[in-house]
Amino acid sequence: MNKIKLMLLIAGMISLVSCSKDNYDAPNAGLHGSFIDDATNELVQQDIIGGTQIEFIEHGYDPFEIQTMIVKTDGTYANSLMFANTYTIQPKRGNFVELAPQDLQVNGQTQLDFRVVPYIRVLQPSITIAGTIVTATFKLQQTVVNNVRKIGLYVHSDSRVGEPMRLVASEQNLNAPSDPNTTYTLTMDVAASSSILKTGKNHYFRIGALIDAGEAKPNYAPAVMIPL
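Residues numbered from 1 in each chain as written. Predicted model: local features only at pLDDT ≥ 70, side-chain atom pairs only at ≥ 80, totals over all residues. Heavy atoms only, no water.

Engineer: Mind showing me how you'd approach the environment of Ser 126 here?
Structural biologist: Along the chain, Ser 126 falls in strand S9 (residues 120-130). For Ser 126, a relative accessible area of 31% corresponds to the partly exposed category. Along the backbone, Ser 126 and Phe 138 are twelve residues apart, and their C-alpha atoms lie at a distance of 6.4 Å. Among residues more than four places away in sequence, those in contact with Ser 126 are Thr 135, Ala 136, Thr 137 and Ile 207. (Helix = DSSP H or I, 4+ residues; strand = E, 2+ residues; numbered from the N terminus. Buried < 20%, exposed > 50% of the residue type's maximum accessible area, 1.4 Å probe, protein only. Contact = heavy atoms within 4.5 Å.)

Next comes the structure, spelled out in structure tokens:
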């Protein structure tokens, strides 16, 4: 095959692929919203790694495919690449009492907020530093009878810090119900991890608590930025 014929063949293949792509409609809708504490109306903080996922199934396909979207650390989510249709939607593997699936018609940019009951509320959080010692104090309010498995103070150079995304952690196993009248205290000597926590840089510290229940994920207070 000479060079001219080869070039014509390649051009024809490119034209065919381009036409094939043009036969598909682009996504024309989206879904966004928040996870809101049903009692306090505050956003329910999440993990960005291995945290809550929203499973959704688009109607009209057999077999159907379960798709997922992740939730941001502040408790919000957004997916702008969906098609206008009816979907079955259910948050899964979260840090709140499980919700039932629901059907929703998605048209344009549709908002769906989930009002949830978090397993644990981290109350009156305070994170301070004195010298090289970081101290976290807080109270806990659990909404289920399960034991609190552990509490933790987590640090990372990324504001999305959490139990699965940390450079250093200070954790305490409780394996018991929390006491709402107790002020819990966790400390961390950043000097002991100076090879990991570099001085002269901002780091983010976050308090978390994990209930002892199935695939439950930690509940959190918002991250606090502290320069080291």
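Don't stop here, the text continues.
Engineer: Got a minute to help me understand unusual backbone geometry in this structure?
Structural biologist: Excluding glycine, residues mostly have negative phi values, and the peptide bonds linking residues are mostly trans. Following Asp 62, the chain continues to Pro 63 via a peptide bond in cis, the omega torsion being 5°. Phi is positive for Arg 93, which is not a glycine, with a value near 50°. Of note in this structure, Asn 175 is not a glycine but carries a positive phi near 50°. Structurally, Asn 175 can be placed in strand S12 (residues 168-176). In this structure Asn 175 comes out as partly exposed when scored by relative accessible area, which is 47%.

Engineer: Before we go on, may I ask you to explain the packing of aromatic side chains in this structure?
Structural biologist: One pair of aromatic rings is described through two measures. These are the centre distance and the angle between the planes. Per the counting criterion, the structure on display carries six aromatic pairs. Ring pairs connect the aromatic residues Phe 35, Tyr 77, Phe 96 and Phe 114, which therefore count as one cluster. Sitting above the plane of the Tyr 220 ring, Arg 206 keeps its charged end 4.0 Å from the centroid. (Phe/Tyr/Trp six-rings, centres within 6.5 Å; stacked < 30°, edge-to-face > 60°. Lys NZ or Arg CZ within 6 Å of the ring centre and 35° of its normal.)

Engineer: I'm lost on the sheet that holds strand S6 (residues 102-106) in this one. Help?
Structural biologist: Backbone hydrogen bonds hold the strands of a sheet together, and the pairing may be parallel or antiparallel. Here we have four strands laid out as an open sheet, ordered S3-S2-S5-S6, and antiparallel in their pairing. Strand pairing shows two members of the sheet lacking a second neighbour, strand S3 (66-70) and S6, which therefore form its edges. Taken over all neighbouring pairs, the strand axes of this sheet differ in orientation by 35° on average, direction set aside. Sheet analysis places strand S2 (residues 53-58) next to S3, joined by five bridges and oriented antiparallel. When the bridges of S3 are listed, Ile 54 appears paired with Met 69. (Pairing = 2+ DSSP bridges. Axes fitted to C-alpha atoms, helices over the stretch in contact; angles between N-to-C directions.)

Engineer: I would appreciate a short explanation of the confidence of the model for the protein in the present structure.
Structural biologist: Any residue range with low pLDDT should be treated as having predicted coordinates unsuitable for detailed reading. Summary statistics for the protein give a mean pLDDT of 90 and a share of 89% for residues scoring 70 or more. Within the model, the stretch residues 1-21 combines pLDDT values under 50 with two contacts to residues more than four positions away or in other chains. (pLDDT = per-residue confidence, 0-100.)

Engineer: Please clarify how the sheet that holds strand S13 (residues 184-189) should be interpreted in this entry.
Structural biologist: What the three strands build is an open sheet, ordered S9-S10-S13; its pairing is antiparallel. Every interior strand has two partners, whereas the edge strands, S9 and S13, have only one. Recorded for the sheet is a direction-independent mean angle of 20° between the axes of neighbouring strands. Sheet topology note: the strand S10 (residues 133-142)/S13 ladder contains six bridges and is antiparallel. In the strand pairing of S13, Thr 137 is matched with Thr 185.

Engineer: For this particular structure, what's the right way to read the nonpolar core?
Structural biologist: Note on soluble globular proteins: their nonpolar side chains tend to be buried together. By size, the foremost hydrophobic cluster in this structure holds 26 residues, and its most contacted members are Ile 127, Phe 138, Leu 140, Ile 151, Leu 153, Phe 205 and Ile 207. Excluding residues within four positions of it along the chain, Ile 151 makes contact with Phe 138, Leu 140, Ser 170, Glu 171, Gln 172, Leu 174, Tyr 184, Leu 186, Gly 208 and Ala 209. Membership of the second largest hydrophobic core comes to 18 residues, among which are Phe 35, Phe 56, Val 106 and Leu 112. (Core = buried A, V, L, I, M, F, W, Y, C linked by side-chain atoms within 4.5 Å.)

Engineer: I keep staring at the pattern of salt bridges and nothing clicks. Help me out?
Structural biologist: Oppositely charged side chains may form a pair once their charged atoms are brought near each other. Using the criterion set out here, one finds ten salt bridges in the structure. A salt bridge links Glu 163 to Arg 166, with the shortest nitrogen-to-oxygen separation between them at 4.0 Å. For Glu 163, a relative accessible area of 22% puts it in the partly exposed group. The class for Arg 166 is partly exposed, based on a relative accessible area of 34%. (Salt bridge = Lys/Arg side-chain N within 4 Å of Asp/Glu carboxyl O.)

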